[in-house]
Amino acid sequence: MSSSNQTNANSLPFLVTGIPGLEDLHIWFSIPFCFMYIMTLLGNITILLAVRLDKSLHEPMYYFISMLAVIDLIFSTAVVPKLLGVFWLGSREIVFEACFIQMFFIHTSTAVESGVLLAMSFDRYIAICNPLRYSTILTSSRTTQIGLLSLARGAAVMTPLMCLLTSLSYCKSRVIPHSYCEHMAVVKLACADPSVSDLYSIIVATLLVGTDSVFITLSYGMILRSVLRLPSQEARLKALSTCGSHICIILLFYIGGLLSMYLQMFSFGLAPHVQVLVADFYLTVPPMLNPFIYGLKVKQIRRGIFRLLEKLAGLMFSHAYKGRRDAQRARHSPENNLSYPRPGVMLGAMNACDVRAMNAPEMPIFLQ
């Protein structure tokens, strides 16, 4: 295909089908996805506000949790609004460039989240196995550098993949049998041989996920060994409780990601809508559950959220009280109440008879 024909073909939009085979049930599927997205927004924004406003949470552990909250917001926002547009409005078209931008944000967020989870495991290892050096090893500046390094790594490995995918020519049949621009589903529409991009994506996924998961396993293995050596059972339980929320998030992220990826690569005889639903729930369930796992497991985060809610409740009460006080002042102000003359103006001009007449009871209407 010539370059001009390829350019014209690649300017055409893609069409996402939503959940193939279950188009009649789209309106019902939109209810749980809309609910999960709202809970994702509320939960992660609450985490960010609690960490931002509570100075006792200005520590590396909570900075990493904030990074994870930002990633989850980007992760779900890249998918769910378009998904709801397909379900509610039948808005199936997605521009060629927008499709690959969505794909870039999804895969980059996945890579960055894997790096942040690795950093969180390193944070817990230092806090439990070498607590005396924790404040000197993990400073605020170093925590920021780790976050930026995770972001740079994710963008660096995904940019070449996007260049390879956008350089391919795509056939006129632009129907993606998925609810978003999923990598495997889009590649199947290419007219050219996508073996180079497939090989690159497999190598990158194996190196990223494999390396990060190995180091995370080693970190928690050393943490477990140190915890079991603690003399006090209360100290062991406290240390395990601190790490329990992180382990839940790691399992949810990696198991869900591997399951979604392998179901896209190998169908295993499953119906297409099962593969799509697994991928959709992987992109929406973990971002919704992560804030609740922090709130339930991490006591400091829970206290920070309660303090935030108390501040909001106090602010609302103060505004309501100020409004009632201003209304009462307006009601009893001299300008609005003629029975209270301004001192020094009216009384100075009145004589004693006028004052007595003003203080006398009002004459009934039938005697006037």
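Residues numbered from 1 in each chain as written. Predicted model: local features only at pLDDT ≥ 70, side-chain atom pairs only at ≥ 80, totals over all residues. Heavy atoms only, no water.

The next subject is a nonpolar patch on the surface. A contiguous nonpolar patch, built from Leu25, Ile27, Trp28, Ile31, Trp88 and Leu89 and spanning about 720 Å² of accessible area, is present on the exposed surface. When residues of the nonpolar patch are traced back to their parent elements, those giving at least two are helix 2 (26-53) and helix 4 (80-89). Broken down by element, the nonpolar patch gets its largest block of residues, three residues, from helix 2. Tracing the backbone through its elements, the reader meets Leu89 in helix 4. (Patch = residues over 30% accessible without salt bridge, like charges linked within 9 Å, V, L, I, M, F, W, Y side chains within 5 Å. Areas by Shrake-Rupley, 256 points an atom, 1.4 Å probe, with all protein chains shown as cover. Salt bridge = Lys/Arg side-chain N within 4 Å of Asp/Glu carboxyl O. Helix = DSSP H or I, 4+ residues; strand = E, 2+ residues; numbered from the N terminus.)

Counting through the fold element by element, Phe75 comes out in helix 3 (residues 60-77). A relative accessible area of 2% means that Phe75 is categorised as buried. As for Phe75 and Thr284, which are separated by 209 residues in sequence, their C-alpha atoms are 8.3 Å apart. (Buried < 20%, exposed > 50% of the residue type's maximum accessible area, 1.4 Å probe, protein only.)

As recorded in UniProt, the feature "transmembrane region" (unreviewed entry) lies at residues 27-50, 62-84, 104-126, 146-170, 199-223, 243-263 and 275-296. With 91% helix and 0% strand, the stretch residues 62-84 has end C-alpha atoms that lie 32 Å from each other. (UniProt positions renumbered as here; feature names shortened; annotations may be inferred.)

Bringing helix 7 (residues 140-166) into the picture now. Counted at 1.5 Å a residue, the expected span for helix 7 with its 27 residues is 39 Å, and the 39 Å between its end C-alpha atoms agrees. Those residues of helix 7 that sit buried are Thr143, Gly147, Ser150, Gly154, Val157, Met158, Leu161, Met162 and Leu165. Along its buried surface, helix 7 packs onto helix 3, helix 5 (96-129), helix 8 (183-187) and helix 9 (195-228). (Expected span 1.5 Å × (residues − 1). Contact = heavy atoms within 4.5 Å.)

Another aspect to go through is the nonpolar core. Among soluble globular proteins, nonpolar side chains are generally buried collectively. Core analysis: the largest hydrophobic core is formed by 44 residues, its most contacted members being Ile47, Tyr62, Ile65, Leu117 and Ile301. It is helix 3 that contributes the most residues to this core, eight residues altogether. If sequence neighbours within four positions are ignored, Leu117 has contacts with Leu68, Ile216, Ile249, Ile250, Phe253 and Tyr254. Counting residues in each nonpolar core, the second largest holds 38 residues, with Met103, Met162, Leu165 and Ala185 among its members. (Core = buried A, V, L, I, M, F, W, Y, C linked by side-chain atoms within 4.5 Å.)

Bringing the confidence of the model for the protein into the picture now. The share of residues in the protein with pLDDT of 70 or more is 81%, and the mean pLDDT across the chain is 79. Counting interchain partners and residues more than four positions distant, the pLDDT-below-50 stretch residues 338-368 has seven contacts. (pLDDT = per-residue confidence, 0-100.)

Applying the stated criterion across every chain yields a total of two salt bridges. Among the ionic pairs, Asp123 bridges to Arg124, the shortest N-O distance being 2.8 Å. Taken individually, Asp123 and Arg124 each receive the classification buried, so the pair is uniform in this respect.

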